[in-house]
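# Descriptive structure summary
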Amino acid sequence: MAHENNNDFADWLYNRYVEALRKNDTIRALIFLDVMSQYFIKALTQRRFSKQKRYTGNLLKSIEKAHKNGTANKLALVGEEWQREFQKAMADYEKSLREMDFDEETITELIIEKKCNYGNN
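Residues numbered from 1 in each chain as written. Predicted model: local features only at pLDDT ≥ 70, side-chain atom pairs only at ≥ 80, totals over all residues. Heavy atoms only, no water.

### Describing the overall build of the protein chain
Selection criterion: Think of it this way: any DSSP run of H or I at least four residues long counts as a helix, any run of E at least two long counts as a strand, and we number them from the N terminus. Computation of the radius of gyration draws on C-alpha atoms alone. For the globule rule, the value is 2.2 Å times the number of residues to the power 0.38. Burial classification: accessible surface area is computed with a 1.4 Å probe over protein chains only, and a residue below 20% of its type maximum counts as buried, one above 50% as exposed, and the rest as partly exposed.
Across its full length, the protein chain holds five helices and zero strands. Reading the secondary structure of the protein chain in the N-to-C direction produces α-α-α-α-α. Relative to a compact globule of 121 residues, whose C-alpha radius of gyration would be 14 Å, the protein chain shows 18 Å and is clearly more extended. Projected onto its principal axes, the C-alpha positions of the protein chain cover 55 × 30 × 20 Å. The buried share of the protein chain, taken over its 121 residues, is 27%.

Right, dumping it as structure tokens:
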């Protein structure tokens, strides 16, 4: 993990949790949530991991908040996986607009709007 903030493992756990939720695989989601909690509690007790602990804590808080608000099924991926998912979604959206024969100006406007509202719909 040669990542600058070294949050790759926490991102991976969180993203597997989100994917399991999206597939309605509650048991698998709970397993990833438990591992992430254990990682937060035990593996990051050393002072040198304070940034990773804070980052993982924020991911756990976002999960808790989403469950309280009833929006857990709308959690988005994080990190590089989110970036890939976003790029694919935008490319697919642009392709569908082109297939509907929208003009270039309209396509550009709709893509900008979609990017601004991504994850809020």
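### Side note on the nonpolar core
Heads up, the rule is: Throughout, nonpolar core names a set of buried Ala, Val, Leu, Ile, Met, Phe, Trp, Tyr and Cys residues whose side chains join them through atoms within 4.5 Å. What makes two residues a contact is simply this: any of their non-hydrogen atoms within 4.5 Å.
Counting residues in each nonpolar core, the largest one holds 20 residues, and the members touching the most others are Tyr14, Tyr17, Met36 and Leu75. Among the secondary structure elements, those contributing two or more residues to this core are helix H1 (8-22), helix H2 (26-43) and helix H3 (50-69). Per element, the largest residue contribution to this core is seven residues, and it comes from H1. Residues within four places of Tyr17 in sequence aside, it is in contact with Ala29, Phe32, Leu33, Ile63, His67 and Leu75.

### Notes on the environment of Ala66
Inspection of the secondary structure assignment puts Ala66 in helix H3. Excluding residues within four positions of it along the chain, Ala66 makes contact with Thr71, Ala72 and Leu75.

Everything listed is a geometric property; what it means functionally is a separate question.
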